[in-house]
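# Architecture and fold: a report
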Amino acid sequence: MRPTAPHHPHLTSVLVIEDDDTIGRHLHTGLLGSGYASTWCRTGSAGLAEAERTRHDAVLLDLGLPDIDGMDVARQLRAEFPELLIVILTARSEEIDVIAGLDSGADDYLVKPFSLSVLLARLRAHLRRRPADVQGTPRPIRLGDLTVDTVSRRCTVGGNDVDLRPKEFDLLAALAERAGTVVSREDLMAQVWDANWFGPTKTLDVTMAALRRRLHEAAESSAPGRPRLPHITTLRGHGYRMEPPQG
Ligand code: CA
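Quick caveat, the model's predicted, so the values are computed rather than measured.

Attention now goes to the overall build of the protein. Along the protein, the regular secondary structure elements total eight helices and 12 strands. Residue burial in the protein is summarised as follows: out of 247 residues, 46% are buried. Looking at the protein alone, contacts between residues at least 24 apart form 59% of all its contacts between residues at least 6 apart. Entry remark: accessible area of the protein is about 12800 Å², with carbon and sulfur atoms responsible for 52%.

Attention now goes to the sheet that holds strand S10 (residues 182-184). In spatial order, the strands read S10-S12-S11; together these three strands make up an open sheet with antiparallel pairing. Every other strand in the sheet has two partners, leaving S10 and strand S11 (231-235) as the edge strands with one partner each. On average, each strand axis in the sheet is tilted by 25 degrees relative to the strand beside it, whichever way the strands run. Two elements, S10 and strand S12 (residues 239-243), share three bridges in a ladder whose sense is antiparallel. Note on S12: the bridge partner recorded for Val183 is Tyr240. Strands in contact with helix H7 (residues 185-193) are S10 and S12; relative to S10, the strand with the most contacts, it is inclined by about 70 degrees. Contacts from helix H8 (residues 202-221) reach S11 and S12 within the one sheet, and its direction differs from that of S11 by about 155 degrees.

A rise of 1.5 Å per residue sets the reference length of helix H1 (residues 21-33), with its 13 residues, at 18 Å; its end C-alpha atoms lie 18 Å apart and thus fit the reference within 8%. Considering only its buried residues, H1 is in contact with strand S1 (13-17), strand S2 (37-41), strand S3 (58-62), strand S4 (85-90) and helix H5 (116-129). Directly beyond the C-terminal end of H1, a positive phi value near 90 degrees is found at Gly35.

Moving on, we get to the packing of aromatic side chains. Under the defined criterion, the tally for this structure stands at zero aromatic pairs. For Arg42, the ring lying beneath its charged end belongs to Trp40, and the centroid distance is 4.2 Å.

What counts, and where the lines are drawn
- The residue numbering used here restarts from 1 in each chain and proceeds along that chain's sequence as written.
- Where totals are concerned, whole chains, interfaces and linings use all residues; where local detail is concerned, this predicted model gives features only for residues with pLDDT of at least 70, and gives and counts side-chain atom pairs only at 80 or more.
- To obtain the side-chain values, all non-hydrogen atoms of the structure were used and water was disregarded.
- Each helix corresponds to a stretch of at least 4 residues labelled H or I by DSSP, and each strand to a stretch of at least 2 residues labelled E; elements are numbered beginning at the N terminus.
- Buried residues are those whose accessible area, probed at 1.4 Å on protein chains only, stays under 20% of the maximum for their type, while exposed residues exceed 50% and partly exposed ones sit between those limits.
- What makes two residues a contact is simply this: any of their non-hydrogen atoms within 4.5 Å.
- Method for areas: the Shrake-Rupley scheme with a 1.4 Å probe, in which residue coverage is limited to the protein chains shown.
- The criterion for strand pairing is that DSSP finds at least two bridges linking the strands in question.
- To get an axis, a line is fitted to the C-alpha atoms, and for a helix only the part in contact is used. The angle between two axes follows their N-to-C directions and goes from 0 to 180 degrees.
- A helix's residues, less one, multiplied by 1.5 Å, set its expected span.
- Think of it this way: a Phe, Tyr or Trp ring, Trp meaning its six-membered ring, pairs with another when their centres are within 6.5 Å, and the plane angle makes it stacked under 30 degrees, edge-to-face over 60, tilted otherwise.
- The criterion is that NZ of a Lys, or CZ of an Arg, lies within 6 Å of the ring centre and within 35 degrees of the ring normal, and then a charge sits over that ring.

Set out below in structure tokens:
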């Protein structure tokens, strides 16, 4: 039997399979509060049954479940639902090698404890990379005289191409996609660098400085007249906000 349509067809639907009460509730309420549809199951068998019943976009899967080994759940889900995004949650960092080495079929993993904002940034990054058949092709973002096209990976200022390095472009896109809102350093690290990062985030500061310099240079060399560009505001210790130009 194929899964039926999601309960909320316009929302991204996440299935949480986690037996820990605190973590499960935190994920479930966090997802709901962030605009996702969320279903929480506490056992592997309940999770598999739910996946059969309803179509989900992503699964957050705890490895240490009371009934079925999480790795087996991952393999079964992958075999049945090739399109499903599977993110494994594990408390034991020594299991990373096993997750990565064995063909569990998982797309990503997070080591507990992890912050909700990191998890959400990862989800967004993964779901954005999925085939764009559902949402259609994203349009270039226009902010004043700046355009950011995430499909062709082109950035222009006043119609002229700006030569950006890959991480500079990703950083620009991450801010432009959420122009007007604060994007935390954690979110940017998770979304742009896309790895389990620990410790310093100096690479973010370096890339941000380079991005600002390149945009500034592009604006300076643009003729005639000075193009209207969004300003990137630094919120010390927290993150950045791209301010759309006025008027
Ligand atoms: Ca567990």
